[in-house]
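Spelled out, the chains give:
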Number of protein chains: 2
Amino acid sequence: MVTMQDVAERAGVTKQTVSNVVTGRVTVRPATEARVRAAIAELGYVPNLVARSLATGSSRTVGLFVPTVSAPFYADVVEEVEDALEERGHRLLLCTTRLDGERARRHLAGLAARSVDALLIAGDQGLTGHLPLLADVRFPVVLCAWEAALPDGFPVVTVDYEHGGHLAGRHLRALGHERALVLASPAHTVRTAGFRRAFREDGMPLPDDAVRTAADPTFRGGLAAALEALRDHPDATALFATHDVLAVAALEAARMLGRSVPDGLSVVAHDDTPAGLLSGPALTTVVLPKREMARQAVGLALGAASRGARPDPRPRLLLPALVPGESTAPVR
Amino acid sequence: MVTMQDVAERAGVTKQTVSNVVTGRVTVRPATEARVRAAIAELGYVPNLVARSLATGSSRTVGLFVPTVSAPFYADVVEEVEDALEERGHRLLLCTTRLDGERARRHLAGLAARSVDALLIAGDQGLTGHLPLLADVRFPVVLCAWEAALPDGFPVVTVDYEHGGHLAGRHLRALGHERALVLASPAHTVRTAGFRRAFREDGMPLPDDAVRTAADPTFRGGLAAALEALRDHPDATALFATHDVLAVAALEAARMLGRSVPDGLSVVAHDDTPAGLLSGPALTTVVLPKREMARQAVGLALGAASRGARPDPRPRLLLPALVPGESTAPVR
DNA sequence: CTGAAAGCGCTTACAG
DNA sequence: CTGAAAGCGCTTACAG
């Protein structure tokens, strides 16, 4: 492996000078710089980031916690974060927590030992109780995609989930729907609240019974809950699913009950669904600005890391948008 | 941050002794070891892996290339690799290549500069042309989930895809199907060949026209290809989809044409489908041993890394299995 | 603008 | 079994 020393000898300078041109911290006489750059190119020198890391404390590596990578939403988040990091010359150390606090704890120790520059935590599921652990870590921690109550003092870049639910509700109200159902995941209370607010503000409050929380928010659990809801409320003309998987379950339930979508039932989803896997009509859905969220979270974390400061703890709330599809129509 | 030196002073020994107990490389007198361990616990010392990495050359970090993390198959692979690494105290540096050779090249440089212990590459899509780059890298590279021709000299842990296709074909033949269609992704020629072999061996060779390759192997592209295939061959009683997304597309096509599954059409898939997202009947599918593949790839790579040797280049071929579901039935 | 020195926190032979 | 020394490849003040 070729080192800075090798380059220095080749260029007839000391290695400090090579360091100066590589880091650009100090201006070097143009002629010298040219010689150094030539030597670097000839030798194919590439700086050893481990050594640099030991000297500077920065590894140009960032950790990311996600509950899983198998959910389409988090898969997208991972790729967006990776892209945002790459633009800044950083790499991604991925940790899936699987909703397991102990596992997260082990990962945290691994990251600390490796001198990561920052840690991003996407999704709050099951981790809230372990947040205190993060308090005395030596690198900035930024939360994102956080729907639960915002923990004090932690910087967070997330989405206004309440607004997302509200958008879904307003959309259905604008189409004239008066009786709507909500198919919700237990973690999605905020979106549900926003949806109900839209109906309430319009003088059409939804009964508590119209909200069905699938204890098991998978396709299977969602299907059972959707069938039950639709049977209990045969007069409902619309349904809001707080999650992509639940929306797919709702579509299937409608199909099983002979309700066509959107004519027999309008369906609004939250999160974009994995287009490649979805059959049936393109869903009307609330889309989250994942790219923007990733960029801001990375910027906040790395900005703080480079200044050696704590990130600004004021929560950043991004706005979701409603993208109309073919799964909603005016009420008949 | 507490260092080995701090621990040494506390325990009244030199830091080399601390290093000896931490690494376990040299046996230390029990009384001394106890003092050192006590000091470590009191101070909450955790070894700095960056410093260790610089001294030993091993970062206890492994890179993984996958085309994307949004495809359920690769999402699973990522989590399995992560688990296999964690068992050995290693962490995962994730790089999604997005079928972009240039991007892979940049990631490779980033990994090399960070002294990863090894690199795993899952999926061959679009990377085969860039393989030569890997030849002169300083750490072991192991390929996995590799369907294309096995490149010379590279160690690979993969699945017998031909056998997977053959299993699918034999299953349909055992159910009495004589006229089957194949809905294939362009990259899946090997599975397709195995499927055709099963029919050929039974004296029922499939016409070339029965194989439809979806140039666009997404749901959309698969749906179009499936509709066309089913219309061109109204007498076909079974269909083999070489990929989960295509299987979902086939189900939808069957539904649109009024063919019930499995009575009107048997469908066999390859890869396990994301159960959470799938509507309709549970698919009969060829399942790949992802966990075993991840374990072996990690073991091979880290074994070679620790010995400073090249991994054994003999290809390891794991066997897929056919898991019966509700999407296949005896021909009527 | 360039060079000599010290240091980042570990490990690894090598003497005692 | 324990300790002193050198080294991993960089960066960072600090003199010249």
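None of the values given here were measured: they were computed from a predicted structure. (Residues numbered from 1 in each chain as written. Chains lettered and ligands numbered in written order. Predicted model: local features only at pLDDT ≥ 70, side-chain atom pairs only at ≥ 80, totals over all residues. Heavy atoms only, no water.)

With that settled, the discussion passes to the pairing of strand β3 (residues 118-122) of chain A. All names here are of chain A. Counting buried positions over the 5 residues of β3 gives 5, a clear majority of the element. Across the two faces of β3 the burial is the same, with Ala 118, Leu 120 and Ala 122 and Leu 119 and Ile 121 all buried. In this sheet, β3 lies alongside strand β1 (residues 61-66) in parallel orientation, the contact comprising 4 bridges. Note on β3: the bridge partner recorded for Phe 65 is Ile 121. Bridge analysis of β3 against strand β4 (residues 141-144) gives 4 bridges, and the strand direction is parallel. Its bridge partner being in β4, Ala 122 is matched across the sheet by Cys 144. (Buried < 20%, exposed > 50% of the residue type's maximum accessible area, 1.4 Å probe, protein only. Helix = DSSP H or I, 4+ residues; strand = E, 2+ residues; numbered from the N terminus. Pairing = 2+ DSSP bridges.)

A few words now on the protein's contact with DNA strand D. Not every one of the 25 residues close to DNA strand D is listed here, only the nearest: Met 4, Ser 19 and Tyr 45 of chain A together with Val 28 and Thr 32 of chain B. Each atom of DNA strand D within 4 Å of the protein was assigned to sugar, phosphate or base; sugar and phosphate come to 66%. Taking Arg 25 of chain A, its side chain carries an N or O atom lying 3.1 Å from a phosphate oxygen of DNA strand D. Arg 52 of chain A has a polar side-chain atom sitting 2.9 Å from a phosphate oxygen of DNA strand D. Residue assignment for the surface near DNA strand D shows that the elements contributing at least two residues are α2 (15-23) and α4 (49-56) of chain A together with α2 (15-23) and α4 (49-56) of chain B. Looking at the surface near DNA strand D residue by residue, the classes come out as 10 nonpolar, 11 polar and 4 charged. (Near = heavy atom within 4 Å. Polar contact = N/O pair within 3.5 Å; in protein donor to acceptor, adjacent residues only side chain to side chain. Nonpolar A, V, L, I, M, F, W, Y, C, P; charged D, E, K, R; others polar.)

Residues and elements named next belong to chain A. Contact geometry of helix α1 (residues 4-11) with helix α3 (residues 30-43) gives a least axis separation of 9 Å together with a crossing angle of 125 degrees. By the angle between their directions, the pair α1 and α3 is classed as oblique. When the axes of α1 and α3 are compared, the crossing they make is right-handed. Residues Asp 6, Val 7, Arg 10 and Ala 11 of α1 pack against Arg 35, Val 36, Ala 39, Ile 40, Glu 42 and Leu 43 of α3. Residue classes in the contact of α1 with α3 are distributed as 6 nonpolar, no polar and 4 charged. (Axes fitted to C-alpha atoms, helices over the stretch in contact; angles between N-to-C directions. Parallel < 35°, antiparallel > 145°, perpendicular 65-115°, else oblique. Left-handed = near helix turned anticlockwise from the far one by under 90°. Contact = heavy atoms within 4.5 Å.)

Let us look at the pattern of salt bridges. Evaluation of the coordinates by the stated rule reveals 51 salt bridges over all chains. Its salt-bridge partner being Glu 42 of chain B, residue Arg 10 of chain B comes within 2.4 Å of it at the nearest N-O pair. Pair noted here: Arg 10 of chain B is in helix α1 (residues 4-11) and Glu 42 of chain B is in helix α3 (residues 30-43), with a separation of 32 residues, a long-range link. Linking Glu 33 of chain B and Arg 37 of chain B is a salt bridge whose minimum nitrogen-to-oxygen distance equals 3.0 Å. Taken as a pair, Glu 33 of chain B and Arg 37 of chain B lie in helix α3 at a separation of 4 residues, close to a single helical turn. On the accessibility criterion, Arg 37 of chain B (43% relative accessible area) is partly exposed. The network of salt bridges with common partners includes Glu 79, Glu 82, Asp 83 and Glu 86 of chain A together with Arg 98, Arg 103 and Arg 106 of chain B. (Salt bridge = Lys/Arg side-chain N within 4 Å of Asp/Glu carboxyl O.)

Residues annotated by UniProt as "domain: HTH lacI-type" (unreviewed entry) correspond here to residues 2-56 of chain A. Taken end to end, residues 2-56 of chain A is 71% helix and 0% strand, and its first and last C-alpha atoms sit 20 Å apart. (UniProt positions renumbered as here; feature names shortened; annotations may be inferred.)

In this section: the interface of chain A and chain B. Note on interface size: it is often stated as the accessible area lost on association of the parts. Tallying the contact residues gives 52 residues for chain A and 52 residues for chain B. Our count for the chain A to chain B interface comes out at 15 salt bridges. Across the pair Glu 82 of chain B and Arg 103 of chain A runs a salt bridge whose closest N-O atoms are separated by 3.2 Å. For the pair chain A and chain B, the interface holds 34 residue pairs in polar contact (both at pLDDT 80 or more). Top contributing element to the side of chain A that touches chain B by residue count: helix α5 (residues 72-87) of chain A, with 8 residues. Split by residue class, the side of chain A that touches chain B holds 23 nonpolar, 15 polar and 14 charged.

Moving on, we come to the protein's contact with DNA strand C. In the neighbourhood of DNA strand C, 25 residues make up the surrounding shell, with Val 28 and Thr 32 of chain A together with Met 4, Ser 19 and Tyr 45 of chain B lying closest. Backbone atoms, meaning sugar and phosphate, make up 67% of the atoms of DNA strand C lying within 4 Å of the protein. Sorting the residues of the surface near DNA strand C by element identifies α2 and α4 of chain A together with α2 and α4 of chain B as the ones contributing at least two each. Class assignment of the residues belonging to the surface near DNA strand C gives a composition of 10 nonpolar, 11 polar and 4 charged.

Now for α5 of chain A. Along its 16 residues, α5 of chain A runs 23 Å from first to last C-alpha, staying within 8% of the 22 Å computed at 1.5 Å per residue. Residue Gly 89 of chain A follows α5 of chain A closely and has a positive phi angle near 75 degrees. (Expected span 1.5 Å × (residues − 1).)

Okay, the sheet that holds strand β10 (residues 284-287) of chain B next. All names here are of chain B. An order of β7-β6-β8-β9-β10-β12 is seen for the 6 strands of this open sheet, with the pairing classed as mixed. Only two strands of the sheet have a single partner each, and these edge strands are β7 (211-213) and β12 (321-323). On average, each strand axis in the sheet is inclined to that of its neighbour by 20 degrees, with strand direction left out of account. Where strand β8 (residues 238-241) and strand β9 (residues 266-270) come together, 4 bridges link them in parallel fashion. In the strand pairing of β9, Leu 239 is matched with Val 267. Of the strands in this sheet, β8, β9, β10 and β12 are in contact with helix α7 (residues 161-174), which crosses β9 at around 165 degrees. Running at roughly 170 degrees to strand β6 (residues 180-184), helix α8 (residues 189-201) makes contact with β6, β7, β8 and β9 of the sheet.

Least-squares fitting of chain A to chain B yields an RMSD of 0.0 Å, with the transformation described by 0.0 Å of translation along the axis and a rotation of 180 degrees. These values place the two chain copies in the arrangement generated by a two-fold rotation axis. Measuring from the rotation axis to each C-alpha of chain A, the shortest distance belongs to Leu 93 of chain A, at 2.3 Å. (Least-squares fit on C-alpha atoms with pLDDT ≥ 70 in both.)

A few words on the packing of aromatic side chains. All names here are of chain A. In the structure shown here, the tally under the stated rule is 6 aromatic pairs over all chains. With 5.2 Å between their ring centres and 40 degrees between their planes, Phe 195 and Phe 199 make a pair best called tilted. With Phe 195 and Phe 199 both in helix α8 (residues 189-201) and 4 residues apart, this pair spans about one turn of that helix. A relative accessible area of 0% places Phe 199 in the buried class. One aromatic cluster is present, built from ring pairs that chain together Phe 195, Phe 199 and Phe 240. (Phe/Tyr/Trp six-rings, centres within 6.5 Å; stacked < 30°, edge-to-face > 60°.)

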